[in-house]
Amino acid sequence: MTHFAIICPAGTGHLNPMFALGRELKRRGHRVTFIGVLDAQATTRASGLEFQAIAESEYLLGAMPKLFARIDREACISSRGYFFNTKQPKITFFLNRFRSPN
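An account of the accompanying structure is given in this report. Not measured: the values here are computed from a predicted model. (Residues numbered from 1 in each chain as written. Predicted model: local features only at pLDDT ≥ 70, side-chain atom pairs only at ≥ 80, totals over all residues. Heavy atoms only, no water.)

Examining the environment of methionine 64
Mapped onto the elements of the fold, methionine 64 is located in helix α3 (residues 63-97). Judged by relative accessible area, which is 9%, methionine 64 ranks as buried. Between the C-alpha atom of methionine 64 and that of leucine 38, which follows or precedes it by 26 residues, the distance is 8.9 Å. Leaving out residues up to four positions away in the same chain, methionine 64 has contacts with Ala10, Val37, Asp39 and Tyr59. (Helix = DSSP H or I, 4+ residues; strand = E, 2+ residues; numbered from the N terminus. Buried < 20%, exposed > 50% of the residue type's maximum accessible area, 1.4 Å probe, protein only. Contact = heavy atoms within 4.5 Å.)

Here's the deal with the environment of phenylalanine 51
Here phenylalanine 51 is to be found in strand β3 (residues 50-53). As for phenylalanine 51 and glycine 36, which are separated by 15 residues in sequence, their C-alpha atoms are 7.5 Å apart. Setting aside residues up to four positions removed in sequence, phenylalanine 51 forms contacts with Thr33, Phe34, Gly36, Val37, Leu38, Ala40, Gln41, Thr44 and Arg45.

Digging into empty space enclosed by the protein
Under the counting rule described, the total for this entry stands at 1 cavity of 30 Å³ or more. Estimated volume of the largest cavity: approximately 40 Å³. Considering the residues around the largest cavity, the lining is formed by Cys8, Ala10, Leu15, Phe34, Ile35, Gly36, Val37, Ala40, Thr44 and Phe51. Broken down by class, the residue content of the lining of the largest cavity amounts to 8 nonpolar, 2 polar and no charged. (1 Å grid on protein atoms, 1.4 Å probe; cavity = no way out; pocket = protein on both sides within 12 Å on 5 of 7 lines; lining within 4 Å. Points joined across faces, edges and corners; volume = space filled by probe spheres on them. Nonpolar A, V, L, I, M, F, W, Y, C, P; charged D, E, K, R; others polar.)

Re the environment of glutamate 56
Locating glutamate 56 in the fold gives a position in the loop between β3 and α3. Residue classification places glutamate 56 among the partly exposed residues on the basis of a relative accessible area of 45%. Glutamate 56 sits 18 residues away from leucine 38 along the chain, and the two C-alpha atoms are 6.7 Å apart.

Pasting the structure below:
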């Protein structure tokens, strides 16, 4: 029996596929331990897998939703700025070009 360690970000879109992998490895007789921040502990254990916390003092329980919200906000601002600075003038140009003269 091999002992596998799985490390991935604590986001649902990352964890769920890794849980499926971990459960399949466990079904085949292997030992599986997830290594992650505290925010992943409850869902990892609920999926039937072992959990080992890392970076506990840097990422307290509840830190990841705040971090993901900040990343989303910054990405939105960045992409909005990209759109308005690069795409909007082109769209406005084309819309004005096809407007009726009335």
